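Architecture and fold: a report
The residues making up each chain are set out below.
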Amino acid sequence: MAKGKTATIFYCQSCGYESSKWMGQCPGCREWNTFVEEVVSRSDLKGTGTQRRSGEKEKPCILSEVPVLKEDRVLTGIGELDRVLGGGIVQGSMTLVGGDPGIGKSTLLLQVCRNLAEKGHRVLYISGEESKVQIKMRADRIGTFSRYMALLCETDLDIIEEVIRQEKPEMVVIDSIQTMYRGEVSAAPGSVSQVRESTGVLMQLAKGLGVSVFIVGHVTKEGTVAGPRVLEHMVDTVLYFEGDRYASYRILRGVKNRFGSTNEIGVFEMQDQGLAEVQNPSEYMLSGRPEDASGSVAACTMEGTRPILVEIQALVCRSNFGIPRRQATGTDFNRVNLLMAVLEKRSGMALSDCDAYVNITGGIRIQEPAVDLGIVLAVISSFRNRAIGPKLAAFGEVGLSGEVRGVSMAKLRVAEAQKLGFDTCIVPMVCVEECRKIKGIKVIGVKNVQEAMDFLG
Ligand code: TYD
Ligand code: MG
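Definitions and limits used
Residues numbered from 1 in each chain as written. Chains lettered and ligands numbered in written order. Predicted model: local features only at pLDDT ≥ 70, side-chain atom pairs only at ≥ 80, totals over all residues. Heavy atoms only, no water. Helix = DSSP H or I, 4+ residues; strand = E, 2+ residues; numbered from the N terminus. Buried < 20%, exposed > 50% of the residue type's maximum accessible area, 1.4 Å probe, protein only. Contact = heavy atoms within 4.5 Å. Areas by Shrake-Rupley, 256 points an atom, 1.4 Å probe, with all protein chains shown as cover. 1 Å grid on protein atoms, 1.4 Å probe; cavity = no way out; pocket = protein on both sides within 12 Å on 5 of 7 lines; lining within 4 Å. Points joined across faces, edges and corners; volume = space filled by probe spheres on them. Polar contact = N/O pair within 3.5 Å; in protein donor to acceptor, adjacent residues only side chain to side chain. Core = buried A, V, L, I, M, F, W, Y, C linked by side-chain atoms within 4.5 Å. Domains from an automatic or database assignment. Pairing = 2+ DSSP bridges. Axes fitted to C-alpha atoms, helices over the stretch in contact; angles between N-to-C directions.

**So, the overall build of the protein**
Counting its regular elements, the protein contains 11 helices and 23 strands. Counting over 457 residues, the protein shows a buried share of 50%. Contacts spanning at least 24 positions in sequence make up 68% of the contacts within the protein whose residues lie at least 6 apart. Only carbon and sulfur atoms are counted for the fraction: they give 51% of the accessible area of the protein, which is about 21800 Å².

**Observations regarding empty space enclosed by the protein**
Where empty space is left becomes clear once a probe the size of a water molecule has been rolled over the atoms. Overall, the coordinates contain one cavity of 30 Å³ or more when judged by the stated rule. The space that makes up the largest cavity amounts to roughly 30 Å³. The wall of the largest cavity is formed by R73, L85, G88, I89, V90, S93, T95, T237, N257 and F259.

**Some details on the side chain of S347**
Here S347 shows up in helix α7 (residues 333–347). Of note is the side chain of S347, whose polar atom sits 2.6 Å from the backbone oxygen of L343. In contact with S347, not counting residues within four places along its chain, are V342, Q450 and M453.

**Notes on the nonpolar core**
V310, I312, L373, L377 and V379 are the most contacted members of the largest nonpolar core, which totals 45 residues. Per-element accounting of this core gives the leading share, seven residues, to helix α8 (residues 372–384). Mapping this core onto the domain boundaries places at least three of its residues in each of domain 2 (73–279) and domain 3 (284–456). The contacts of V379, once residues within four sequence positions are left out, are A314, V316, M340, L343, L351 and V358. M94, L124, I160 and V230 belong to the second-largest nonpolar core, a separate cluster that totals 32 residues.

**Some remarks on the sheet that holds strand β7 (residues 123–127)**
With mixed pairing, nine strands are arranged side by side in an open sheet as β8-β7-β9-β10-β6-β11-β12-β13-β14. The two strands at the open ends of the sheet, each matched to only one other strand, are β8 (149–153) and β14 (274–277). Direction aside, the axes of adjacent strands within the sheet are offset by 25 degrees on average. Here helix α2 (residues 105–118) sits on the sheet and contacts β6 (94–99), β7, β8, β9 (171–175), β10 (212–218), β11 (237–242), β12 (249–257), β13 (265–271) and β14; the angle it forms with β7, its principal contact strand, is near 160 degrees. The sheet contacts of helix α4 (residues 157–167) involve β7, β8 and β9, and relative to β7 the element is tilted by about 170 degrees.

Listed below in structure tokens is the structure:
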């Protein structure tokens, strides 16, 4: 087709899946109603920002002979963020910070900029969302900024590219990628093709000039702008900010990291002067726990290499309807159903005509099977209407035969419980040996759910 002609392409706003026709459900991410039509000129389709170098051809080389470069990392001065990044910002890397609007992405990145500028690194904060005055007002709440921090309110990527090439900052923040556009691409800002193209341009700058780039991406449920998932595969690191925007805690989770582990989380609290680190998440997650209420159990989980104690609450009551209601917050609903079926079958508790609500407090989401035993104990406690002591913690995976299976890093979990003043910990029998080494806490090994029930009496 002749150059300059346009084509109509349908993109999934959630994951960027491309299709020549409209579809109700995206085959890529299984979301419904996410396809939107975008008119793009043929020349846009040739790739994202990167033109292929012609001439010289890359030859295969021997892996063991590739020279090793020491990663150049810069600490952000925010310990929780450094941990999630895998030990600071890697020079020339590209990081996507996603999350719901208003969760604190701009605030966190402004704080990072402040810390780096203070240490003498040149940073450039580019905002397409707020005016200079608005940013200044926010910055004043966070603290004082050194001369190394520059601000640019711009959405045209060609201008941004020029500025970055001229100023050569060490770090650039793009807030947000959905407001940026490139004149050459005909689609509107926030559309899948614009967002991809913009990221491609920034990627070239990051790799070419060795600038570390942070991109803010809003997660949108309505699908009016392309979500950050569209770019997950392009960037080096993907971090998501989670938490209830009406509560003060925030959890920063690594979803993808080319330079570190993705299991780490950072816990923050939104305060008057910006985000504050929460050094001891367990204490935070357990604060306000009722002392002698039935249906409440402390469970030890691991987030990456860090043990965190959470409170699991269950409310089991007789159902008024034919089909009992089950609900799970902070954990997998199907898992809760399965554990209740195991309890019913293996220990003879009549749960099938009971409503059950299970909640992990503190706004954290836990997928780890090690919380199984905690969920089971919380359900038992609520069913019997008898409190489990406030100084008892538990962990272990529960299998379909009601057996309690071993989990990794048992010793770390028990040590965390001991540190927080728990005096008893119920653990899987296979983990007992390693846990007994920890002084000051009674370790009870159980082989199955029945044994755990017997222990509670
Ligand atoms: P913001 O960083 O603007 O969110 P995002 O960039 O993810 O959209 O966060 C804004 C919210 O945080 C806003 O509702 C106000 C609140 N906030 C505080 O509570 N304290 C503060 O010091 C700051 C800067 C913001
Ligand atoms: Mg913002």
